[in-house]
Amino acid sequence: MAETFRVGLTRDFLTAEGRIGWGEIGLEALTSARGLSWDFIDADEPEVPARVAAAYDALIVLAPTVSAATLQEADRLRLVARFGVGYDNVDVPSCTDAGVLLTITPDGVRRPVAVAALTMMLALMHRVRDKDLLVRTGRWHDKLDYQGTSPRGRVLGLLGWGNIGREISSISAPLGMRQLAADPYADPAAAAAAGVGLCDVDRLFSEADVIVVTCALTAETHHLVDAERLARMKPTAYLVNIARGPIVDQKALTAALAERRIAGAALDVFESEPPAEDDGLLGLDNVLLAPHAAAWTDELALGNGTSAIRAVLDVAAGRVPAHVVNPEALNHPKLSPLKSRSIDE
Ligand SMILES: NC(=O)c1ccc[n+]([C@@H]2O[C@H](COP(=O)([O-])OP(=O)(O)OC[C@H]3O[C@@H](n4cnc5c(N)ncnc54)[C@H](O)[C@@H]3O)[C@@H](O)[C@H]2O)c1
């Protein structure tokens, strides 16, 4: 009889009370799968211990590190399914050497992060934070001083046009904005088909009424939004960062906001998270802040869970899963029984 395919979820999915902190993540699909068992790993440590990795065929990983040490005895492990799209906690070359596939969940984050970006953009343009405060502080009649900016006819500038950037383009199309994107790796034909004009970063910053940062954080994009680029922005323009904090020079942004050289910003991500208590940003009234959770919705939880679990079920059934970060691991003899998917979503 075939051995049970063992799946471990890292323990940080559980709250101190033993609930799944993310809510509904689609575990029923694991429970009802035949020939498969799952549990939460018994270690609650920053790094998945080697003895734990050695006991499973697949791990679904939230924050703990998967290092070379984790994988040193992982003879049966074939999959690390990262719940989310960032994988800086996983040592990819070590996974490849050990014959372990790493998958991520771009299909889970795409819509909720795009909607979060749009929510932040519209909240800025309609001055939701200011208007809330007018009511709470008895300043109802000051409302004429707080006119908003309509998106229609304005220029949306996307810094990065990948998974999430393209989704922002598509869901914001009915707002009637002209769309520009700066992404040296974007497909020009796809951009043209979507009605998005590709341009360089400087032009994006000069022309856009709202800039949404949605590129990957790389050596090339670190502080891509710096004092010089911020100085190119219209005084009426807004900046939204939903991607990663270090893409924006936060000191330069704080100065631009404090001196009201731009109209405002919305930040879901910061150079260091959480920001220090005395961070100058926290005292500004023209910035909207979220604790890297603007996209944290029921849809995100279920989408990430469904995607990660689908990868597990694929590997358990002998299929190559979607959204593999290290396809070169398929050359490892341990993974040679896996067959390519006939349909890749
Ligand atoms: N706030 C959140 O909760 C949250 C959740 C998921 C993802 N993210 C972040 O959102 C961002 C986008 O994620 P994604 O899934 O769309 O990733 P993706 O890899 O699909 O897209 C990233 C895009 O950045 C582009 N890029 C790379 N270098 C660039 C450069 N120099 N200038 C302009 N563009 C450049 C790439 O070509 C790519 O199109 C990432 O930074 C990711 O970490 C944030």
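Bear in mind the structure is a predicted one, so any value in this text is a computation, not a measurement.

This paragraph deals with the sheet that holds strand β6 (residues 155-159). If you trace the seven strands from one edge of the open sheet to the other, you get β8-β7-β6-β9-β10-β11-β12, paired in parallel fashion. For this open sheet the edge positions go to β8 (196-198) and β12 (287-289), each flanked by a neighbour on one side alone. Taking each pair of neighbouring strands and ignoring which way they run, the sheet shows an average axis angle of 20 degrees. Direction of pairing for strand β7 (residues 178-182) relative to β8: parallel, over a ladder of three bridges. In the strand pairing of β8, Gln179 is matched with Val196. Packed on one face of the sheet, helix α10 (residues 250-258) meets β10 (238-241), β11 (264-267) and β12 and runs near 140 degrees to β11.

In this section: the sheet that holds strand β4 (residues 79-82). Within the open sheet, the five strands sit side by side as β2-β1-β3-β4-β5. Their pairing is parallel. At either margin of the open sheet sits one strand with a lone partner, and together these are β2 (36-40) and β5 (101-103). Strand-to-strand twist of the sheet, defined as the mean angle between neighbouring strand axes without regard to direction, takes the value 20 degrees. Sheet topology note: the strand β3 (residues 58-61)/β4 ladder contains four bridges and is parallel. Each residue of the ladder has a partner; that of Ala58, found in β4, is Leu79. Most of the contacts of helix α11 (residues 298-316) go to β4, to which it runs at about 165 degrees, and overall it touches β1 (5-9), β2, β3, β4 and β5.

Taken N-terminus to C-terminus, the directions of helix α4 (residues 106-125) and α11 make an angle of 165 degrees; their axes are 7 Å apart at the nearest point. Compared by their axis directions, α4 and α11 come out roughly antiparallel. Crossing handedness for the pair α4 and α11: right-handed. Of α11, the residues touching α4 (which contributes Asp107, Gly108, Val109, Arg111 and Pro112) are Glu299, Leu300, Gly303, Asn304, Ser307 and Arg310. Tallied by class, the residues present in the contact of α4 with α11 amount to three nonpolar, four polar and four charged.

Another aspect to go through is the UniProt feature "domain: D-isomer specific 2-hydroxyacid dehydrogenase NAD-binding" (unreviewed entry) in the chain. Feature annotation in UniProt places "domain: D-isomer specific 2-hydroxyacid dehydrogenase NAD-binding" (unreviewed entry) on residues 118-294, given in this structure's numbering. Along residues 118-294 the backbone is 31% helical and 16% strand, and the end-to-end C-alpha distance reaches 10 Å.

Another aspect to go through is the layout of surface pockets. Within this model, the largest pocket holds a volume of roughly 1500 Å³. Lining the largest pocket are 48 residues, and of these Val85, Gly86, Ile164, Ala243 and Arg244 sit closest to its centre. Looking at the lining of the largest pocket, the elements that each hand over two or more residues are α4, α6 (163-172) and α11. No other element matches the four residues that α6 contributes to the lining of the largest pocket. Considering only residue class, the lining of the largest pocket consists of 29 nonpolar, twelve polar and seven charged. Split by domain, the lining of the largest pocket shows at least three residues from each of two domains, domain 1 (5-104 + 297-335) and domain 2 (108-289). Within this model, the second largest pocket holds a volume of roughly 450 Å³. Residue lining of the second largest pocket: 23 residues in total, with Arg127, Asp130, Tyr238, Ala263 and Asn286 positioned closest to the centre. Those elements that place two or more of their residues in the lining of the second largest pocket are α4, α5 (128-136) and β12.

A separate point is the site of the ligand. Taken together, 22 residues form the shell around the ligand, and within it Ile164, Asp183, Cys215, Glu220 and Ile242 come nearest. Note that a nitrogen atom of the ligand is positioned 2.8 Å from one of the side-chain N or O atoms of Glu220. Note that an oxygen atom of the ligand is positioned 3.4 Å from one of the side-chain N or O atoms of Arg244. Taking 860 Å² as the accessible area of the ligand by itself, protein coverage stands at 82%. Of the pockets mapped on this structure, the ligand occupies the largest pocket. When the residues that make up the shell around the ligand are grouped by side-chain class, the tally is twelve nonpolar, six polar and four charged.

So, on to the packing of aromatic side chains. What the rule picks out here adds up to four aromatic pairs. Taken together, a centroid distance of 4.8 Å and an interplanar angle of 80 degrees make the contact between Trp22 and Phe83 edge-to-face. Residue Trp22 is found in the loop between β1 and α1 (28-31), and its partner Phe83 is found in the loop between β4 and α3 (92-97); the two are separated by 61 residues along the sequence. Both rings, one in Trp22 and one in Trp296, keep their centres 5.7 Å apart while their planes meet at 70 degrees; by these two values the pair is edge-to-face.

Conventions used here
- Residues numbered from 1 in each chain as written.
- Predicted model: local features only at pLDDT ≥ 70, side-chain atom pairs only at ≥ 80, totals over all residues.
- Heavy atoms only, no water.
- Pairing = 2+ DSSP bridges.
- Helix = DSSP H or I, 4+ residues; strand = E, 2+ residues; numbered from the N terminus.
- Axes fitted to C-alpha atoms, helices over the stretch in contact; angles between N-to-C directions.
- Contact = heavy atoms within 4.5 Å.
- Parallel < 35°, antiparallel > 145°, perpendicular 65-115°, else oblique.
- Left-handed = near helix turned anticlockwise from the far one by under 90°.
- Nonpolar A, V, L, I, M, F, W, Y, C, P; charged D, E, K, R; others polar.
- UniProt positions renumbered as here; feature names shortened; annotations may be inferred.
- 1 Å grid on protein atoms, 1.4 Å probe; cavity = no way out; pocket = protein on both sides within 12 Å on 5 of 7 lines; lining within 4 Å.
- Points joined across faces, edges and corners; volume = space filled by probe spheres on them.
- Domains from an automatic or database assignment.
- Near = heavy atom within 4 Å.
- Polar contact = N/O pair within 3.5 Å; in protein donor to acceptor, adjacent residues only side chain to side chain.
- Areas by Shrake-Rupley, 256 points an atom, 1.4 Å probe, with all protein chains shown as cover.
- Sits in = over half its atoms within 2 Å of the grid points.
- Phe/Tyr/Trp six-rings, centres within 6.5 Å; stacked < 30°, edge-to-face > 60°.

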